[in-house]
Amino acid sequence: MTDQTPDADPDIPGKPISASRTTLSHIMTHNDTNLLGTVHGGVIMKLVDDAAGAVAGRHSGGPAVTASMDEMVFLEPVRVGDLVHVKSQVNWTGRTSMEIGVRVLAERWNESAPATQVGSAYLVFAAVDADGKPRRVPQVLPETDRDRRRNQEAQIRRTHRLARRRAIRELREKRAAEGFED
C-alpha cells in the first residue's frame with residue numbers, strides 16, 4: 001500500500017492533511033445527558049459527525065455527506081461540565097470519498113489537568129455537487145510519519161469495508177436465488 005491514490009485526478013492539486021485538520025470544542029451541559037447522568041453517546045456522535053463533515057468539506061472544497069461511520073469507540077464517560085474537543089483530519093482519499101479520523105478528548109472546564117481521550121471514530125464522506133452527484137476530491141498528502149501510518153491504516157479499513165460489503169451482497173444474492181427474502 002502506498003500514500004498515493006492510483007486514480008488521483010492530475011487536474012486537481014493534492015492537499016496536505018494540515019490544510020483541513022480541525023478541532024471542534026463544546027462544553028457539555030445537562031441538556032446533553034442520558035438517564036445515567038453522563039453525556040449521551042448520540043451527542044458525542046453528532047459532534048464527531050459535525051467535526052468530520054467540516055474536515056471533509058474543507059478538504060474537498062465543497063459539500064460532502066456522511067457515507068458511513070465505523071469503529072466508533074467510547075473509552076470513558078463524558079460528564080456535565082466537561083469541555084469536549086473533537087479533533088479530526090483526512091486520513092485517506094479516493095476518487096470521490098474520504099476517510100476522516102476523529103479523536104474525542106475531554107477535560108474539566110474548571111481544571112488545568114490535561115484532556116484525556118474519551119473516544120474515537122472513522123467516518124467515510126462522499127463529496128457531492130449541487131445536484132447530489134459524486135464529485136472528485138483532491139488527493140490527501142500525508143506530511144508526517146504519523147500521517148503516513150494513518151493513511152496506510154485507512155487503506156486497510158477501506159479494503160475491509162469493501163470486502164464486507166461484497167460478502168453481504170453475495171450472501172443476499174445467494175439467498176434470493178434460493179427463494180429466501182430478507
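The shown structure was predicted, so the numbers you read here are calculated from the model rather than taken from an experiment.

**Structural notes on the overall build of the chain**
- Looking only at helices and strands, the chain features two helices and seven strands.
- Going residue by residue from the N terminus, the α and β elements of the chain occur as β-β-α-β-β-β-β-β-α.
- Overall, the chain is about 55 × 50 × 35 Å in size when its C-alpha atoms are taken along their principal axes.
- Once local pairs closer than 6 in sequence are excluded, the contacts in the chain between residues at least 24 apart make up 74%.
- Carbon and sulfur atoms form 53% of the exposed surface of the chain, whose accessible area is close to 10600 Å².

**Quick look at the packing of aromatic side chains**
- In this structure the tally under the stated criterion is zero aromatic pairs.
- Above the plane of the ring of Tyr122 lies Arg157, whose end atom (NZ or CZ) is 3.5 Å from the centre.

**Some details on the layout of surface pockets**
- Taken as a whole, the second largest pocket encloses approximately 380 Å³ of empty space.
- Surrounding the second largest pocket, 21 residues form its lining, Gln89, Gly101, Arg103, Arg146 and Arg150 being those nearest its centre.
- Counting residues per element, the lining of the second largest pocket draws most heavily on helix α2 (residues 145-177), which supplies six residues.
- A class-by-class count of the residues in the lining of the second largest pocket yields three nonpolar, nine polar and nine charged.

**Observations concerning α2**
- The terminal C-alpha atoms of α2 lie 48 Å apart, and with 33 residues this matches the ideal 48 Å at 1.5 Å per residue to within 8%.
- Of all the residues in α2, the buried ones are Asp147, Arg150, Asn151, Ala154, Gln155, Arg157 and Arg161.
- Looking at the buried positions of α2, the neighbouring elements they touch are β3 (64-74), β4 (82-93), β5 (97-108), β6 (116-127) and β7 (140-141).
- Following α2 by one or two positions, Gly179 adopts a phi angle in the positive range, close to 90°.

**Details of the sheet that holds strand β2 (residues 22-27)**
- Pairing within the open sheet is antiparallel, and its five strands lie in the order β2-β4-β5-β6-β3. Unpaired on one side and paired on the other, β2 and β3 mark the two borders of the sheet. Across the sheet, the axes of successive neighbouring strands diverge by a mean angle of 25°, strand direction being ignored.
- Two elements, β3 and β6, share eight bridges in a ladder whose sense is antiparallel. Directly across from Thr66, in β6, lies its bridge partner Phe125.
- Against the sheet, α2 touches β3, β4, β5 and β6, its axis set at about 75° to β4.

**Things to note about a positive patch on the surface**
- On the surface, a cluster of positive charge is made up of Arg158, Arg164, Arg165, Arg166 and Arg169.
- Of note, Arg164 is situated in helix α2.
- The exposure class of Arg164 is partly exposed, given its relative accessible area of 48%.

**A few points about the nonpolar core**
- Membership of the largest hydrophobic core comes to 28 residues, with the highest contact counts inside it found for Ile44, Val48, Val84, Met98, Ile100, Val102 and Phe125.
- Breaking this core down by element, the ones donating at least two residues are α1 (41-60), β3, β4, β5 and β6.
- Looking at which element gives the most residues to this core, the answer is α1, with seven residues.
- Non-local contacts of Val84, meaning those with residues more than four positions away in its chain, are made with Leu24, Ser25, His26, Met28, Leu47, Val78, Val104, Leu105 and Ala106.

**Here's the deal with the side chain of Asn91**
- Looking at the element boundaries, Asn91 is found in strand β4.
- Within the local environment of Asn91, its side chain forms a polar contact with the side chain of Gln89, the two groups lying 3.3 Å apart.
- Not counting residues within four places of it along the chain, the set of residues in contact with Asn91 comprises Glu99, Ile100, Gly101, Tyr122, Val140, Arg150, Asn151, Ala154 and Arg157.

The rules behind each value
- Residues numbered from 1 in each chain as written.
- Predicted model: local features only at pLDDT ≥ 70, side-chain atom pairs only at ≥ 80, totals over all residues.
- Heavy atoms only, no water.
- Helix = DSSP H or I, 4+ residues; strand = E, 2+ residues; numbered from the N terminus.
- Contact = heavy atoms within 4.5 Å.
- Areas by Shrake-Rupley, 256 points an atom, 1.4 Å probe, with all protein chains shown as cover.
- Phe/Tyr/Trp six-rings, centres within 6.5 Å; stacked < 30°, edge-to-face > 60°.
- Lys NZ or Arg CZ within 6 Å of the ring centre and 35° of its normal.
- 1 Å grid on protein atoms, 1.4 Å probe; cavity = no way out; pocket = protein on both sides within 12 Å on 5 of 7 lines; lining within 4 Å.
- Points joined across faces, edges and corners; volume = space filled by probe spheres on them.
- Nonpolar A, V, L, I, M, F, W, Y, C, P; charged D, E, K, R; others polar.
- Expected span 1.5 Å × (residues − 1).
- Buried < 20%, exposed > 50% of the residue type's maximum accessible area, 1.4 Å probe, protein only.
- Pairing = 2+ DSSP bridges.
- Axes fitted to C-alpha atoms, helices over the stretch in contact; angles between N-to-C directions.
- Patch = residues over 30% accessible without salt bridge, like charges linked within 9 Å, V, L, I, M, F, W, Y side chains within 5 Å.
- Salt bridge = Lys/Arg side-chain N within 4 Å of Asp/Glu carboxyl O.
- Lys, Arg positive; Asp, Glu negative; His and termini not counted.
- Charge placed at Lys NZ, Arg CZ, Asp CG, Glu CD.
- Core = buried A, V, L, I, M, F, W, Y, C linked by side-chain atoms within 4.5 Å.
- Polar contact = N/O pair within 3.5 Å; in protein donor to acceptor, adjacent residues only side chain to side chain.

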